[in-house]
Amino acid sequence: MSHHPRIPNAPIPFNRPSVGHEELASIQSAIESGRISGSGPNTQVCESWLQDRMGTARALLTHSCSGALEMVGILLDLGAGDEVIMPSYTFVSTANSVALRGATPVFCDIRVDTLNIDETKIEALITARTRAICVVHYAGVSCEMDTILAIADRHDLIVIEDSAQGYLATYKGRPLGTMGQFGTISFHATKNISCGQGGALLMNDPDYIERAQMVLEKGTNQRDFERGSIDHYTWCNTGSSFLLGELAAACLKVQLQRAAALTTDRIAKWKYYHQSLKALSETGRIRRPVVPPQCVHNGHIYHVLIDLTHKRDQVLSALNAKGIEASFHFVPLHTSPFGKQVGQTRSRMNVTTDVAARIIRLPMHHDLSLQQIEYISETLTNIVESY
């Protein structure tokens, strides 16, 4: 592309939550009801919505996806000597949920195509101490779940799906977060569906439900008390304050109703990026995202891998100078100070290291226009071709 598009008057933000008047009205209604702490009517609506549409045995709203992952650590009674296999290319919460219990995150390399945990490298990391495999569905594109579930089955391991980015994405028709024993979702401001801060724990194994409700309520049997099945509630188990407040749940209730439309819009923008960057990818200067045929993604992230590792930061700076708020992504946990201290890396992490140094995430949100995507794509092309 030879022509140089005009720099926009205001920077194109990397992310912008799509919340408006309906959410505001719902929050106001919750305030007027006087019931604003957790586990109220809005929470119940959201939990039922998730259960009905995802087909999970029980959904519990939490204050964050991090909180949902921490609940799993408690429910599994993870402790010193236990190991959980996970990708190094993920957010710190995935590993924190294990480290908080005194257990050891064991880092696995990722696939070069989807940037998900490499299912062919999991089995070599399993020891007598391994309790679970925690997969992370990067960018709402599913891991190779059939293979992973079969490995877990063979070795009698729990599967945790960190589906922070995966709401409304599927693998062979199954919603992400509903295939392992546990799934976790994020409703953080950076996600497709947001209530500012929020998350959900999906329990696909009914055996954990009763205890999970106690863990959610600081280790008490408060939910039984609220249902009238007991006359007082008391401390029964380990727990913490994992509840989502009712004001956030009131916002989330509206977002869930809008979720299908927001996702459709996002996928259309993702496809427009994909088409706009086709020519550049054919020159080998970038690699576009890869979505396997059995996966339906949700348009959460549009990323490219540039062919120049040592130039990635310059490309990001150049994009920012042109009014485009692009970003890199995770710093691999196996290279982080605390990851080295509490985690274990027993295999080569070549793909993780390479991807982390070459990835660029482009702006993606509801307010992004097709004209802006065109501008971003042309600008990226010009910058990359200039090196």
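The structure we're discussing is the one just above.
Given the structure is predicted, the values throughout are model-derived calculations rather than measurements. (Residues numbered from 1 in each chain as written. Predicted model: local features only at pLDDT ≥ 70, side-chain atom pairs only at ≥ 80, totals over all residues. Heavy atoms only, no water.)

(A) Looking closely at the nonpolar core. With 33 residues, the main nonpolar core has M71, L76, I160, F182, L201 and M203 as its most contacted residues. Elements that contribute at least two residues to this core include exactly α3 (65–75), β2 (83–87), α4 (92–99), β4 (130–136), β5 (158–162), β9 (199–203) and α6 (209–216). With 7 residues, the single largest contributor to this core is α3. Setting aside chain neighbours within four positions, we find M203 in contact with T56, A57, R58, L60, Q181, F182, Y208, I209 and A212. (Core = buried A, V, L, I, M, F, W, Y, C linked by side-chain atoms within 4.5 Å. Buried < 20%, exposed > 50% of the residue type's maximum accessible area, 1.4 Å probe, protein only. Helix = DSSP H or I, 4+ residues; strand = E, 2+ residues; numbered from the N terminus. Contact = heavy atoms within 4.5 Å.)

(B) Up close: α4. Inspection of α4 places S93, T94, A95, S97 and V98 among the buried residues, and these make up the whole buried set. Next to the buried residues of α4 lie α3, β2, β3 (104–108), β4 and β5.

(C) Region of interest: the packing of aromatic side chains. Tallying each qualifying case throughout the model produces 8 aromatic pairs. Ring geometry for Y89 and Y138: centres 5.7 Å apart, planes at 50°, overall tilted. Residue Y89 is located in the loop between β2 and α4, and its partner Y138 is located in the loop between β4 and α5 (145–155); the two are separated by 49 residues in the primary sequence. Neither Y89 nor Y138 differs from the other in exposure class; each is buried. Above the face of the W49 ring, R53 is positioned so that its terminal group lies 3.4 Å from the ring centre. (Phe/Tyr/Trp six-rings, centres within 6.5 Å; stacked < 30°, edge-to-face > 60°. Lys NZ or Arg CZ within 6 Å of the ring centre and 35° of its normal.)

(D) Geometry of the state of the cysteines. Considering all chains together, one arrives at 0 disulfides under this definition. Sulfur of C108: no disulfide; nearest cysteine sulfur belongs to C143 and is 10 Å away. Under the relative-accessibility criterion, C108 is labelled buried at 0%. With no disulfide of its own, C195 has C251 as its nearest cysteine by sulfur position, at a separation of 5.9 Å. For C195, a relative accessible area of 10% translates into the label buried. (Disulfide = S-S within 2.5 Å.)

(E) Region of interest: the pairing of β5. Along β5, 5 of the 5 residues are buried, which leaves the element largely enclosed by surrounding structure. Side chains of β5 alternate between two faces, with I158, I160 and D162 and V159 and E161 buried alike. Pairing analysis gives 5 bridges linking β4 to β5, with the strands arranged parallel. Opposite C134, over in β5, you have I160 as the bridge partner. Regarding the hand of the β-α-β motif, the stretch spanning β4, α5 and β5 is right-handed. Pairing of β5 with strand β8 (residues 182–186), which is carried by 3 bridges, proceeds in the parallel orientation. For I160, the partnering residue across the bridge sits in β8 and is F182. (Pairing = 2+ DSSP bridges. Right-handed = clockwise from strand over helix to strand, strands pointing away.)

(F) How the structure looks around the sheet that holds strand β12 (residues 302–306). What the 3 strands build is an open sheet, ordered β10-β12-β14; its pairing is antiparallel. Each edge of the sheet is formed by a strand with only one pairing partner; in this case those strands are β10 (286–287) and β14 (359–362). Of the strands in this sheet, β12 and β14 touch helix α12 (residues 350–358), which is tilted by about 45° from β14. (Axes fitted to C-alpha atoms, helices over the stretch in contact; angles between N-to-C directions.)

(G) The arrangement of α6 in detail. With respect to burial, α6 is a largely interior element, 6 of its 8 residues being buried. Regarding α6, the residues found buried are I209, A212, Q213, M214, V215 and L216. Looking at the buried side of α6, the elements it contacts are β1 (58–62), α3, β9 and α7 (222–227). After α6 finishes, the residue K218 shows a positive phi value of roughly 60°.

All we've got here are geometric facts, nothing functional implied.
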